[in-house]
Amino acid sequence: MSQPRNGTPGDVEEIHWPSLVAAISSISAVGIAIGLGLPLLSIILEKRGISSTLIGLNTAMAGVAAMAAAPITTRLAHKYGVAPTMLWAVLISALSALGFYYAQDFWMWFPLRFAFHGATTTLFILSEFWINAASPPSKRGFVLGIYATVLSLGFAAGPLLFSILGSDGIFPFLIGAGAILLAAIPIFIARDESPVLEEKPELHFMRYVFLVPTATAAVFIFGAVEAGGLSLFPIFAVRAHFTESQAALLLTMMGVGNVIFQIPLGLLSDRIPDKRPLLAGMALMGFVGSMLLPLLVDNWLLMAGLLLFWGGCVSGLYTVGLSHLGSRLTGSDLAAANAAFVFCYAMGTVAGPQAIGAAIDVAGNNGFAWAIAAFFGLYALLSGIRLMFIRKRT
């Protein structure tokens with residue numbers, strides 16, 4: 001059985017704050033680096049004359065790396081321990097983040113993306129498992145809301161740093177690598193509090209992908225929109241005649257929305273036994289918000305207001321989906337299912353940048369919004385149909 005040193009995941013009655021603080025603070029430092037790095041790298045490639053499709057292809061390496069890392073992360077943690085595995089992942093991701101500055105040839109950015117996002121995937125999987133191990137079932141949504149809020153602060157701080165630092169010189173890369181290295185401090189301090197994986201999961205990895213299809217499909221859509229949207233939104237905004245700084249601040253507004261909404265959404269999910277209608281509703285809001293984007297490109301304030309609300313609601317797909325997953329599984333099965341959850345997220349990060357980047361090249365700048373709306377609309381439609389069939393059977 002998988003258990004933390006203070007009890008079994010899912011059986012704890014009170015929130016285990018030392019573990020929670022360590023896991024959340026470490027992954028939030030990584031969130032700062034990712035929030036800074038995605039728009040930074042896209043703008044640099046845009047300045048070099050790389051097409052949107054190729055930028056999307058390079059960004060999609062994040063998903064390929066995550067899909068490669070997800071199935072082996074639980075095995076590495078089982079063999080070497082959760083905290084040691086996370087510390088190695090911190091080192092690899094920091095070194096690769098700095099490597100982008102020195103890699104002048106475009107092809108070199110592909111292995112760097114693979115190393116960076118493979119390592120950060122390991123950090124996300126093990127941090128989220130650690131958080132679940134420290135959470136009582138009745139407060140899981142609340143705890144995950146705290147996690148998503150603090151992580152969103154990191155993601156919001158990244159674009160804000162980008163708006164201040166710009167895309168020139170080594171300094172933005174040093175800041176990103178330094179933020180990742182800071183993540184090692186809380187992990188090392190709380191290393192004896194980390195969960196212990198004493199047994200391997202009972203099922204094959206891919207079986208966990210289909211155990212909770214509403215959650216895994218939701219995180220696939222979220223991954224597609226987040227990776228494609230975050231990396232290509234600066235291009236959409238700049239082509240719509242916003243400055244680099246204004247585009248970065250719009251991303252920051254989206255991050256602020258994430259911060260405001262996550263705890264309320266987590267508390268709401270704790271009160272709702274069946275979280276599937278909530279997931280479908282958030283996808284529908286994502287569809288409506290996406291369709292409004294081309295209509296608001298002439299007004300920065302209206303765009304910022306939309307992204308504040310839209311980004312906050314949409315990011316709940318991850319939080320509520322993870323809560324739904326945690327309500328179904330415990331122990332080593334939860335750790336493996338969390339890896340499968342991140343695997344589906346990674347699949348989305350492969351599909352999203354490719355589809356959105358290609359849509360911009362084919363349909364023009366508005367293709368950005370239309371591609372995102374298609375992802376949300378498909379999930380809202382399919383999940384709505386599935387809910388109707390489930391209710392008819394019951």
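Residues numbered from 1 in each chain as written. Predicted model: local features only at pLDDT ≥ 70, side-chain atom pairs only at ≥ 80, totals over all residues. Heavy atoms only, no water.

Once that is clear, we can look at the overall build of the chain. When its secondary structure is counted, the chain shows 14 helices and 2 strands. Taking 21 Å as the expected radius of gyration for a compact globule of 394 residues, we find that the chain reaches 20 Å, a close match to that expectation. Principal-axis analysis of the C-alpha atoms gives the chain an extent of 55 × 50 × 35 Å. Taking the contacts inside the chain whose residues are at least 6 apart along the sequence as the reference set, 85% of them involve residues at least 24 apart. When the accessible surface of the chain is summed, it comes to about 15400 Å², and 69% of that surface belongs to carbon and sulfur atoms. (Helix = DSSP H or I, 4+ residues; strand = E, 2+ residues; numbered from the N terminus. Rg over C-alpha atoms; globule rule 2.2 N^0.38 Å. Contact = heavy atoms within 4.5 Å. Areas by Shrake-Rupley, 256 points an atom, 1.4 Å probe, with all protein chains shown as cover.)

A few words on the domain arrangement of the chain. Considered domain by domain, the chain is made up of domain 1 (14-192) and domain 2 (203-393). The C-alpha-based centres of domain 1 and domain 2 are spaced at 18 Å. Approximately 3800 Å² of surface area, both sides summed, lies buried where domain 1 meets domain 2, with 71% of it carried by carbon and sulfur atoms. Together, S52, M67 and E128 form the three largest contributors to the area buried by domain 1 at its contact with domain 2, with a combined 13%. A salt bridge links R239 to E46; its shortest N-O distance comes to 4.0 Å. Counting across the domain 1 and domain 2 interface gives 4 residue pairs in polar contact (both at pLDDT 80 or more). Those elements giving two or more residues to the side of domain 1 that touches domain 2 turn out to be α1 (17-47), α2 (52-80), α4 (109-133) and α5 (140-165). Of the residues forming the side of domain 1 that touches domain 2, the biggest block, 16 residues, is contributed by α5. Broken down by class, the residue content of the side of domain 1 that touches domain 2 amounts to 24 nonpolar, 16 polar and 5 charged. (Domains from an automatic or database assignment. Buried area = accessible area lost by both parts, 1.4 Å probe. Salt bridge = Lys/Arg side-chain N within 4 Å of Asp/Glu carboxyl O. Polar contact = N/O pair within 3.5 Å; in protein donor to acceptor, adjacent residues only side chain to side chain. Nonpolar A, V, L, I, M, F, W, Y, C, P; charged D, E, K, R; others polar.)

Turning our attention to the packing of α2 against α4. With their axes 7 Å apart at the nearest point, α2 and α4 run at an angle of 45° to one another. Classed by the angle they form, the pair α2 and α4 counts as oblique. With respect to the hand of their crossing, α2 and α4 are arranged in right-handed fashion. For the contact of α2 with α4, the residue count by class is 15 nonpolar, 7 polar and 1 charged. (Axes fitted to C-alpha atoms, helices over the stretch in contact; angles between N-to-C directions. Parallel < 35°, antiparallel > 145°, perpendicular 65-115°, else oblique. Left-handed = near helix turned anticlockwise from the far one by under 90°.)

Given two aromatic rings, their pairing is described by the distance between the two centres and the angle made by the two planes. Per the stated rule, a full pass over the model turns up 13 aromatic pairs. Here the aromatic rings of F106 and F110 are separated by 5.2 Å at their centres, their planes lie at 75°, and the arrangement is edge-to-face. Residue class for F110 comes out buried when judged on its relative accessible area of 18%. For the pair F261 and F309, a centre-to-centre distance of 5.6 Å together with 80° between the ring planes defines the contact as edge-to-face. Pair noted here: F261 is in helix α10 (residues 244-271) and F309 is in helix α12 (residues 300-326), with a separation of 48 residues, a long-range link. Classification of F309 as partly exposed rests on a relative accessible area of 44%. Site record: aromatic cluster; members linked through ring pairs are F222, Y318, F341 and Y345. (Phe/Tyr/Trp six-rings, centres within 6.5 Å; stacked < 30°, edge-to-face > 60°. Buried < 20%, exposed > 50% of the residue type's maximum accessible area, 1.4 Å probe, protein only.)

Moving on, we come to α5. For α5, with 26 residues, the first-to-last C-alpha span of 37 Å sits near the 38 Å given by 1.5 Å per residue. Within two residues after α5, G166 carries a phi angle of roughly 75°, on the positive side. (Expected span 1.5 Å × (residues − 1).)

Residues L284, F287, V288, M291, L292, L295 and W370 make up a contiguous nonpolar surface patch of roughly 650 Å² in combined accessible area. If you tally residues by element for the nonpolar patch, the top one is helix α11 (residues 276-292), at 5 residues. Looking at the secondary structure, you find L284 in helix α11. (Patch = residues over 30% accessible without salt bridge, like charges linked within 9 Å, V, L, I, M, F, W, Y side chains within 5 Å.)

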